[in-house]
Structure formats: C-alpha cells, structure tokens
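Observations on the model geometry
Now for the letters of each chain:
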Amino acid sequence: MKRYVLLFLLLSSFSVYAQNTINNYKYVVVPEKFSFLKQKDQYGLNTLTKGLLAEKGFTVYFDNAELPSEIANNKCQALNVDLLEKNTMFTTSVTLLLKDCQGNIVFKCKEGKSREKEYRVSYNLALRESFTSLDAVSYAYNGGVNTPVTQSTATTAAPSLTAVNTTTQPAIATSPAVVSTVAATANATTAAKPAQAETNQPTGTLYAQAIANGYQLIDTTPKIVLTLTKTSVQDYFIASNGTSNGVVLKKNDSWFFEYYKDGKLVSEKLLVKF
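Figured I'd write up the structure that's included with this text.

Brief notes about the nonpolar core
Residues Ile22, Leu53, Leu96, Leu98 and Leu134 are the most contacted members of the largest nonpolar core, which totals 30 residues. Within the residue set of this core, elements represented by two or more residues are strand 1 (27-30), helix 2 (45-56), strand 3 (78-87), strand 4 (92-99), strand 5 (105-114) and helix 4 (119-135). Discounting chain neighbours no more than four positions away, the residues touching Leu96 are Thr49, Val81, Asp82, Leu83, Phe107, Lys108, Cys109, Leu127, Ser130, Phe131 and Leu134. Ranked by size, the runner-up nonpolar core spans 13 residues in total, among them Leu228, Phe237, Tyr259 and Val272.

Right, dumping it as structure tokens:
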C-alpha cells in the first residue's frame, strides 16, 4: 500500500512539474539590477537580457516599471529572471535562470563563458552564449494556467537542457531597443537614399548612416547589412543582422562583428566607412 501511495505522489509531482514550462508564461520580469553587480543596468546586462527575451517572443518588463494589472494582481503570471555569475582570473561566466513566483527554476540555461578582459564585452558575450539554450527551444505562449511547483519538486527534477533544433523564427521583439531597430530598418528600406560608393573604397565596404541610437551599415544596393546600437563604451556596439545578434567592436584599427552560432564564437572582419 505504501508503495502505491509513494508512486502516486511521485507521478503527481512529475505531472505538476511537467505542466510548468516556459510556454505557460507570456510575461517575464527583469530586475533593474542583478545581485552580483553594484549599479543598475551595469555593463548593459539588464537591457540586453530584456532585449534577448523580447526577441524570443516574451512580453518583458523591468521590475521598476509600471506593470499591467494582469501581473500586478498575480505575480505568478510572470517568470522572473536571475543571473548566476562566476568569475575567475581569466574567465567570466554567467548562467541565465527563469524562475516562477515561488523561486522555483522553470528553465535553466547553460553556463556562458568569455575570456575577454573588458568587463562590458565579457559579460555581454557570456550572457549571449548562455541564452543560446533558449534559442534552441521553441517558445509559443499557450495561455496555460501557471501552477507553481513545490520547492521539493523543483529540486528533484531539473528542466532538460537538451533542446531539439527548430526552424521556428523568433517572434517580433517588443522591447524598445529592438523596436527601434526594426523601425530604423523599415524607414531605411523605404526612405534612405542609396549610398554613394566612393571610387577609392575597397569592394565590400559598408557605409554607416546615423540613426536614433547608433548606425545602420548599408552596402551600395542599398541594403541594410547590420544595425548598430550605441553603448557607453567607445567603438563598441550591440549589433544585429536580422538573424544573428552580437557585437561590433574595433580591435587593432579594424572592425569586427562577433556573435555565437551553434554555441561557437564567430568573428567577421568588416570594412566600414563612417
């Protein structure tokens, strides 16, 4: 009899946990400051986290923003973001966690690492690598009821990090940073004048056109190749080409677009005319 009771409890716990997935959540709340940092949005980590989650299809808010009544009246309607940080002398490591209203882990990303010496670059690259775990899974809000699991259940079972590759395209981002990028792209397509290629410029040169928060790099078609968003660090931009997100930075007087593909860091040299 005891064995039947134990089996029933185990199955019940598994059933409740299995129903609590990221697809049950429409909203995600990002803290304005992560616990291991001293300042709000230090190194742009909080803004980057919000933008990446919005690109995935979530509706994202900072915890200091005015929340919609659906979340304000029921905190369990939203996932909460946490970052685990581990630094050594040579490596910066971060792990992104999505937790329910009781602090149970609903999804744990892999540990992202970077060996870059500059903290802003290192933290950004490590976060992007960790986020590839979410990129590898399909997210679509199913309107499900969020039933938080008990703490004991969360500790006995962990979300699977073995994701099946999917061809599903990310939903349109709703964060202000990403929306401005999309708007800039649309405006450039319909209204931007073709770039006038200078005869003394090498083939493949991209021409920088100023936009509200940075630049768009276009070729002579004209076609927008990359959109750059300014940061507080000189010669360092958050970048997107529509399919990959990364950074554009200057090293040894040359520009590079760096991003992660299939878990590996890709560095593409750019010819840019500002």
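Having seen the model, we can carry on.
Thoughts on the state of the cysteines
For the structure shown, the criterion picks out one disulfide. Here Cys76 is linked by a disulfide to Cys101, with a sulfur-sulfur distance of 1.9 Å. Classification of the bridge connecting Cys76 and Cys101 rests on its S-S torsion, roughly 75°, and on that basis the disulfide is right-handed. Of this pair, Cys76 sits in the loop between helix 3 (69-72) and strand 3 while Cys101 sits in the loop between strand 4 and strand 5, and the two are 25 residues apart along the sequence.

What to know about helix 4
Compared with an ideal rise of 1.5 Å per residue, which puts 17 residues at 24 Å, helix 4 spans 24 Å between its outermost C-alpha atoms and is within 8% of the ideal. Counted residue by residue, helix 4 has 15 buried out of 17 residues, so it is predominantly covered. You can read the cap of helix 4 off the contacts: a side-chain oxygen lies 3.1 Å from the backbone nitrogen of Arg120, and it is on Glu118.

Notes on the pairing of strand 2 (residues 59-62)
Summarising the sheet, strand 1 and strand 2 pair through four bridges and their orientation is parallel. Residue pairing for strand 2: Val29 is matched across the bridge by Tyr61. At this point the chain moves from strand 1, through helix 2, to the parallel strand 2, and the crossover so formed is right-handed.

Some thoughts on the packing of aromatic side chains
Throughout the structure, instances matching the rule amount to 12 aromatic pairs. Cluster of aromatic residues (ring-pair linked, three or more members): Phe34, Phe36, Tyr43, Tyr119 and Tyr123. Positioned over the ring face of Phe62 is Lys50, at 5.6 Å from the centre of the ring. A cation sits over an aromatic face here: Lys251 above Phe256, 5.1 Å from the ring centre.

Some points on the pattern of salt bridges
Using the criterion set out here, one finds five salt bridges in the structure. A salt bridge links Glu32 to Lys40; the shortest N-O distance between them is 3.6 Å. Among the residues examined, Glu32 registers a relative accessible area of 23% and is labelled partly exposed. Between Lys113 and Glu111 there is a salt bridge, and its shortest N-O distance comes to 3.7 Å. Judged by relative accessible area, Lys113 falls into the partly exposed class, the value being 44%. Among the residues examined, Glu111 registers a relative accessible area of 30% and is labelled partly exposed. Linked by salt bridges that have partners in common, Lys86, Glu111 and Lys113 make up one network.

Side note on the sheet that holds strand 8 (residues 224-230)
Across the sheet, which stays open at both edges, the eight strands sit in the order 12-11-10-9-8-7-6-13 with mixed pairing between neighbours. Two strands in the sheet have a free side with no partner beyond their single neighbour: strand 12 (264-270) and strand 13 (272-273). Two strands pair when backbone bridges link them, and strand 11 (residues 254-261) and strand 12 are joined in this way by seven bridges, in the antiparallel orientation. Looking across to strand 12, one finds that Tyr260 is bridged to Leu265.

About the thresholds
Residues numbered from 1 in each chain as written. Predicted model: local features only at pLDDT ≥ 70, side-chain atom pairs only at ≥ 80, totals over all residues. Heavy atoms only, no water. Core = buried A, V, L, I, M, F, W, Y, C linked by side-chain atoms within 4.5 Å. Buried < 20%, exposed > 50% of the residue type's maximum accessible area, 1.4 Å probe, protein only. Helix = DSSP H or I, 4+ residues; strand = E, 2+ residues; numbered from the N terminus. Contact = heavy atoms within 4.5 Å. Disulfide = S-S within 2.5 Å. Expected span 1.5 Å × (residues − 1). Polar contact = N/O pair within 3.5 Å; in protein donor to acceptor, adjacent residues only side chain to side chain. Pairing = 2+ DSSP bridges. Right-handed = clockwise from strand over helix to strand, strands pointing away. Phe/Tyr/Trp six-rings, centres within 6.5 Å; stacked < 30°, edge-to-face > 60°. Lys NZ or Arg CZ within 6 Å of the ring centre and 35° of its normal. Salt bridge = Lys/Arg side-chain N within 4 Å of Asp/Glu carboxyl O.

Bear in mind that shape data such as this cannot, by itself, settle questions of function.
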